[in-house]
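Residues per chain are reported as follows:
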Amino acid sequence: MSGPLSQISLIQQQEDTLTQNSTMLSKRSLLAALLSVAVGVYLLPSPIDPKPHVLKGPPPALEGPLTVNTLLQKGRRLFVGKLHGPESFTADEEGNVFTGTVDGKLWRIAPDDSLTLLTHMGQDLPECGSSTDYEPVCGRPHGVRLDRHGQLIVADSYLGAAGVPFAFLNGLEISSKTGIIYFTDSSSRWGRRHVTLEVIELNSLGRLLSFDPQTGSVAVLLGDLYMPNGIALSPDEHFLFWLKGPKAGTKEVVMDNMIGYPDNIRRSDHGTFLVGITTPRFRKITPPFLDMIAPYPAVKRFLAKVIPLSWYRVLLPRYALVLELGSDGGLVGSLQDPEARLTWAISDVFQHRGRTYLGSTDLPFLPVLEGGDN
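The rules we used
- Residues numbered from 1 in each chain as written.
- Predicted model: local features only at pLDDT ≥ 70, side-chain atom pairs only at ≥ 80, totals over all residues.
- Heavy atoms only, no water.
- Pairing = 2+ DSSP bridges.
- Helix = DSSP H or I, 4+ residues; strand = E, 2+ residues; numbered from the N terminus.
- Axes fitted to C-alpha atoms, helices over the stretch in contact; angles between N-to-C directions.
- Buried < 20%, exposed > 50% of the residue type's maximum accessible area, 1.4 Å probe, protein only.
- Polar contact = N/O pair within 3.5 Å; in protein donor to acceptor, adjacent residues only side chain to side chain.
- Contact = heavy atoms within 4.5 Å.
- Phe/Tyr/Trp six-rings, centres within 6.5 Å; stacked < 30°, edge-to-face > 60°.
- Lys NZ or Arg CZ within 6 Å of the ring centre and 35° of its normal.
- Salt bridge = Lys/Arg side-chain N within 4 Å of Asp/Glu carboxyl O.
- Disulfide = S-S within 2.5 Å.
- Arc of directions from axis to C-beta.

Visitor: Before we go on, may I ask you to explain the sheet that holds strand S2 (residues 89-91) in this structure?
Guide: Hydrogen bonds between backbone groups are what pair the strands of a sheet, and the pairing can be parallel or antiparallel. Pairing within the open sheet is antiparallel, and its four strands lie in the order S2-S3-S4-S5. Each edge of the sheet is formed by a strand with only one pairing partner; in this case those strands are S2 and strand S5 (115-120). Pairs of neighbouring strands in the sheet enclose a mean axial angle of 25°, with direction left out of account. Sheet topology places strand S3 (residues 97-100) next to strand S4 (residues 105-109); four bridges connect them, and they run antiparallel. Bridge pairing links phenylalanine 98 to arginine 108 in S4.

Here you go:
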């Protein structure tokens, strides 16, 4: 029997069928779109070419010399908003301290804490310091040292050192006896503005080199290094790595599986070595992010494709840590700021006339500890 009710029922069934078909088509379209995006991401070339890397073990526990403390919370910040990323330091006999910043500038800090701009490493542009994209033209000074004649020598990541250009100049040390300049080239592939890709890729593309100002010759002392950073001569200059004695010309690992990723290493005012840690590695419920992805090149390649470089900072702990090493490379102590109240991501630890200067790559201030603070 047909009638208005049966016709309405038939129309409703047709509408339901159309709705179901439309829903199925929408799901199929969404699936096809997602599949297309996945294929596109897969086919997109990755900027990095990592190799599998397995760390020696989980991070060391915060005990013994690494017992948590707040020694780095006792300092103060200088030149807030004026010095951006004071990376490394040196000082002359008059007590002036020199440093370079992320905007390509070199500065002098007088004993009375007055600040003087000395020069620009590259071009003086308003955009300098606003983005790493301008660093190749503005310059980015890293290691700074005075040679035995009182000349200020600077390792600029882009502009080179002593007139010698390289891909990613970083650490610097000068022999007071021979005048030879030792420096690190952190990567033959990545410049400083792509340092995050270098850290994720984790390939041995770095070198330790020397430059003799007398002859103008450059020598590679060590190659195949994993992003070498700071370097320091021993007080008697017998080793940077081993330069003299029975181990001359050889290298050895004095500390492995560290609590974090080291930057510069400097001699302290009492004969030990101080190491700034930019990114700590801590034991938690899950391993540290960089530890987790280290053995998996495919994961690294995928992450480098889809995650903006600036996002990685969110995954890294904000914690200030300085390691103190004995002359044999053994860990003897640490200075920490667990809440990052004063600073974090320390690049350099320089002691001069009772004050400790704490460097960074991009923080807009200079943290210092006075004589009785550390």
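Visitor: Explain the side chain of asparagine 69 here, please?
Guide: With respect to the element layout, asparagine 69 can be found in the loop between helix H1 (4-43) and strand S1 (76-78). According to the relative accessible area criterion, asparagine 69 is buried, its value standing at 17%. Among the polar contacts made by the side chain of asparagine 69, one reaches the main-chain carbonyl oxygen of threonine 67 at a distance of 3.3 Å. One polar contact links the side chain of asparagine 69 to the main-chain carbonyl oxygen of serine 334, over a distance of 3.2 Å. Every residue in contact with asparagine 69, bar those within four places of it in the chain, is listed here: Ser334, Leu335, Gln336, Asp337 and Pro338.

Visitor: What is the right way to look at the packing of aromatic side chains in this model?
Guide: Here a ring pair, both rings aromatic, is described through the centre-centre distance and the interplanar angle of the planes. Tallied over the full model, the rule gives six aromatic pairs. Their ring planes at 70° and their centres at 6.3 Å tell us that tryptophan 344 and phenylalanine 365 sit as a pair that is edge-to-face. Here tryptophan 344, found in the loop between strand S15 (331-337) and strand S16 (349-352), pairs with phenylalanine 365, found in the loop between strand S17 (355-358) and strand S18 (366-369); they are 21 residues apart in sequence, far enough to count as distant. Judged by its relative accessible area of 17%, tryptophan 344 is buried. For phenylalanine 365, a relative accessible area of 4% gives the class buried. Clustering of aromatic rings is evident, with ring pairs tying together Phe89, Phe350 and Tyr357. Seen from the ring of tryptophan 344, arginine 318 lies directly overhead, with NZ or CZ sitting 4.0 Å from the centre.

Visitor: Which parts of the structure should I look at to understand unusual backbone geometry?
Guide: A negative phi angle is the norm for most residues apart from glycine, just as the trans form is the norm for most peptide bonds. Phi at methionine 227 takes a positive value of approximately 40°, unusual for a residue other than glycine. By the secondary structure assignment, methionine 227 is in the loop between strand S11 (217-225) and strand S12 (260-267). Positive phi, close to 50°, is recorded for arginine 353, a residue that is not glycine. Along the polypeptide, arginine 353 turns up in the loop between S16 and S17.

Visitor: Quick question: what am I supposed to make of the sheet that holds S1 here?
Guide: Pairing is antiparallel across the open sheet formed by four strands, whose spatial order is S1-S18-S17-S16. In this open sheet, the two edge strands, each paired with only one partner strand, are S1 and S16. Neighbour-to-neighbour, the strand axes of this sheet turn through a mean angle of 30°, independent of strand direction.

Visitor: Would you mind showing me how to read the pattern of salt bridges here?
Guide: Think of it this way: side chains of opposite charge can pair up when their charged atoms draw near. Considering all chains together, one arrives at 14 salt bridges under this definition. As a salt-bridge pair, arginine 76 and aspartate 113 come within 4.0 Å of each other at their nearest N and O atoms. Taken together, the residues arginine 76 in strand S1 and aspartate 113 in the loop between S4 and S5 connect sequence positions 37 residues apart. Residue classification places arginine 76 among the partly exposed positions, given a relative accessible area of 39%.

Visitor: I keep staring at the environment of phenylalanine 350 and nothing clicks. Help me out?
Guide: With respect to the secondary-structure elements, phenylalanine 350 resides in strand S16. Residue phenylalanine 350 is classed as buried on the basis of its relative accessible area, which comes to 11%. The sequence separation of phenylalanine 350 and serine 88 amounts to 262 residues, and the corresponding C-alpha distance is 7.9 Å. Beyond its immediate stretch of four places on either side in the chain, phenylalanine 350 contacts Phe89, Thr90, Ala91, Arg266, Arg355, Thr356 and Tyr357.

Visitor: Any chance you could explain the state of the cysteines here in plain terms?
Guide: Disulfides are covalent bonds that connect the sulfur atoms of two cysteines. Enumeration according to the criterion identifies one disulfide in this entry. Two residues share a disulfide in this structure: cysteine 128 and cysteine 138, whose sulfurs sit 2.0 Å from each other. Handedness here is read from the sign of the S-S torsion; for cysteine 128 and cysteine 138, about -85°, the answer is left-handed. Highlighted residues: cysteine 128 in the loop between S5 and helix H2 (135-138) and cysteine 138 in helix H2, separated in sequence by ten residues. Owing to a relative accessible area of 1%, cysteine 138 belongs among the buried residues under this scheme.

Visitor: How should I be thinking about helix H5 (residues 297-306) in this particular structure?
Guide: Given 3.6 residues per turn, any residue in an α-helix points the same way as the ones three and four places further on. Of all the residues in H5, the buried ones are Pro297, Lys300, Leu303 and Ala304. Mapping the buried residues of H5 onto a view down its axis gives an arc of 125°, with all of them on the same face. On its buried side, H5 packs onto helix H3 (195-201) and helix H4 (289-293).

Visitor: How should the environment of aspartate 291 be read in this particular structure?
Guide: Relative to the elements of secondary structure, aspartate 291 occurs in helix H4. The spatial distance from the C-alpha of aspartate 291 to the C-alpha of histidine 53 is 9.1 Å, given a sequence separation of 238 residues.

Visitor: Even after reading the chapter, I still don't get the environment of arginine 313, so can you show me in this structure?
Guide: Along the chain, arginine 313 turns up in the loop between H5 and strand S14 (320-325). The class for arginine 313 is exposed, based on a relative accessible area of 60%. Each C-alpha atom of the pair arginine 313 and threonine 279 lies 9.9 Å from the other, and the pair is 34 residues apart in sequence. Here the side chain of arginine 313 touches aspartate 362 through a polar contact of 2.8 Å, side chain to side chain.

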